Amino acid sequence: MTPPPAARPVVVGDRRATSRPVVWTREVPQGGGPLAALGAGLRLTSADHVLVLSADLPFLGPGTVDALLTAAAQPGREGALCTDPDGRDQPLVAAYRAEPLRRELALIATEHGNLAGLPLRLLTAELDLARVDAGPDAAFDCDTWDDIAAARARIREHGAVLDEWITSVKNELGIDLDVDTGALLDLARDAAHGVARPAAPLTTFLVGYAAARASAGAGPDEAAAAVAEASRKATALALRWEAEAAEATAEPTKSAGQGGDAAGGPAGGAKPDKGREGTGTP
């Protein structure tokens, strides 16, 4: 089962481009540590359960998130957190019931004056939490530049470099838009195969330009729909060109079967129109 999308995504940190709208906040004081960040994010939520995910987990997937939410919903439990392959708790890869989480954070803040600089174990020791085995991939976090380099190498090995690249390009260009990359890749393939190889990048550019004009002043959902519609039209056109080219190529064979000469031309020895050979024009 795929978990439902978060009703109110809250990000604790400096603002940056994101693929979907989020609520931004910062811990007090800034740099006050994970417990202070957790408290800052929790103040902006109202759901019964809160999913807490640190931002340095490149291989965390829906399966782990679903397992956390399922475990946290067990009767009597106040949440669930992941454990890494060494058996260590990961309180920032967890799902908590919001009410006991707020209660314990308030008690800790009262006892210590605030949440800044305090360890997460002060929180997890007081909650009844289920444990979920994260596995080596979901528990892989990036704390150093060497970790980031290793993660990028693993992403390339797993064939997911395209997703990383598209995300990086959208961030660099300030684009907040979810599009069907599979449909665009299919369009590029059909244009290259049915028309000519250089048609692939040029066609996808024109699709993006047409979608931008059609959705000027609209929101991300309307823009994504405009991309999908422009892509559909361009794909249909590329497939028509391919079919017409195939039909034109097959014409000499058909004529030969109707009394044409050995060269495949029509009766009387006339040759095919050289100006039309191989152009894909009907």
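For the structure itself, look to the data block above.
Residues numbered from 1 in each chain as written. Predicted model: local features only at pLDDT ≥ 70, side-chain atom pairs only at ≥ 80, totals over all residues. Heavy atoms only, no water.

A.B. asks: Report on the nonpolar core, specifying residues and quantitative values.
C.D. replies: Among the nonpolar cores identified, the biggest contains 19 residues, and Leu35, Tyr96, Leu101, Leu105 and Leu123 are the most heavily contacted of them. Excluding anything up to four places from it in sequence, Leu101 contacts Leu38, Leu42, Tyr96, Leu123 and Leu127. Core analysis: the second largest hydrophobic core is formed by 13 residues, Leu57, Cys82, Val132 and Ala138 among them. (Core = buried A, V, L, I, M, F, W, Y, C linked by side-chain atoms within 4.5 Å. Buried < 20%, exposed > 50% of the residue type's maximum accessible area, 1.4 Å probe, protein only. Contact = heavy atoms within 4.5 Å.)

A.B. asks: How would you summarise the pattern of salt bridges if you had to cite specific residues and measurements?
C.D. replies: As enumerated under the stated definition, the model contains 11 salt bridges in all. With its nearest N and O atoms 2.5 Å apart, the salt bridge here joins Asp14 to Arg26. Linking Asp14 in the loop between β1 (10-12) and β2 (23-25) with Arg26 in the loop between β2 and α1 (34-42), this pair joins segments that are 12 residues apart in sequence. Given a relative accessible area of 24%, Arg26 falls into the partly exposed group. Across the salt bridge formed by Arg232 and Glu229, the nearest N and O atoms sit 2.7 Å from each other. (Salt bridge = Lys/Arg side-chain N within 4 Å of Asp/Glu carboxyl O. Helix = DSSP H or I, 4+ residues; strand = E, 2+ residues; numbered from the N terminus.)

A.B. asks: Got a sec to walk through unusual backbone geometry? Specific residues and values, please.
C.D. replies: Glycine aside, the phi torsion of most residues is negative, and most peptide linkages are trans. Cis geometry marks the peptide bond from Val28 to Pro29; its omega dihedral reads -5 degrees. Position of Pro29 relative to the elements: it lies in the loop between β2 and α1.

A.B. asks: Any details on a nonpolar patch on the surface? Residues and values, ideally.
C.D. replies: A cluster of nonpolar side chains, Leu162, Trp165 and Leu185, forms an exposed patch at the surface whose accessible area comes to about 330 Å². With relative accessibility at 55%, the residue Trp165 sits in the exposed group. (Patch = residues over 30% accessible without salt bridge, like charges linked within 9 Å, V, L, I, M, F, W, Y side chains within 5 Å. Areas by Shrake-Rupley, 256 points an atom, 1.4 Å probe, with all protein chains shown as cover.)

A.B. asks: Got a sec to walk through the sheet that holds strand β5 (residues 89-97)? Specific residues and values, please.
C.D. replies: As summarised here, the arrangement of the 4 strands in space is β3-β5-β4-β6, forming an open sheet in which the pairing is mixed. The open sheet terminates on both sides in strands that have one partner only, identified here as β3 (49-53) and β6 (129-133). The mean angle between the axes of side-by-side strands here comes to 25 degrees, regardless of whether they run parallel or antiparallel. For strand β4 (residues 79-83) and β6, the ladder comprises 5 bridges, and the chain directions are parallel. Bridge assignment links Gly79 to a residue of β6, and that residue is Leu129. Against the sheet, helix α3 (residues 98-112) touches β3 and β5, its axis set at about 120 degrees to β5. (Pairing = 2+ DSSP bridges. Axes fitted to C-alpha atoms, helices over the stretch in contact; angles between N-to-C directions.)

A.B. asks: If you had to explain the packing of aromatic side chains to someone new, which residues and values would you point to?
C.D. replies: If you walk through the whole model with that rule in mind, you get 1 aromatic pair. Residues Phe59 and Phe140 carry aromatic rings whose centres are separated by 5.6 Å and whose planes lie at 65 degrees to one another, so their mutual orientation is edge-to-face. One end of the pair, Phe59, is in the loop between β3 and α2 (62-72); the other, Phe140, is in the loop between α5 (135-138) and α6 (145-157), and 81 residues separate them in sequence. On the basis of relative accessibility, which here comes to 18%, the residue Phe140 falls in the buried class. (Phe/Tyr/Trp six-rings, centres within 6.5 Å; stacked < 30°, edge-to-face > 60°.)

A.B. asks: Provide a residue-level description of helix α9 (residues 199-214), including the pertinent values.
C.D. replies: Side chains of residues three or four places apart in an α-helix project in the same direction, reflecting 3.6 residues per turn. With 16 residues, α9 extends 22 Å from end C-alpha to end C-alpha; this agrees with the ideal 22 Å at 1.5 Å per step. Among the residues of α9, those classed as buried are Ala199, Ala200, Thr203, Val207 and Ala211. Considered in projection along α9, the buried side chains sweep an arc of 100 degrees and stay on one side of the axis. More than 90 degrees from the buried face of α9, the exposed residues found are Pro201, Leu202, Phe205, Leu206 and Arg213. (Expected span 1.5 Å × (residues − 1). Arc of directions from axis to C-beta.)

A.B. asks: Tell me about empty space enclosed by the protein, and name the residues and values.
C.D. replies: One pass over the structure, following the stated rule, counts 1 cavity of 30 Å³ or more. Estimates place the volume of the largest cavity at around 40 Å³. Lining the largest cavity, in full, are Leu57, Cys82, Gln90, Val93, Ala134, Ala138, Ala139 and Asp141. For the lining of the largest cavity, the per-class residue count stands at 6 nonpolar, 1 polar and 1 charged. (1 Å grid on protein atoms, 1.4 Å probe; cavity = no way out; pocket = protein on both sides within 12 Å on 5 of 7 lines; lining within 4 Å. Points joined across faces, edges and corners; volume = space filled by probe spheres on them. Nonpolar A, V, L, I, M, F, W, Y, C, P; charged D, E, K, R; others polar.)

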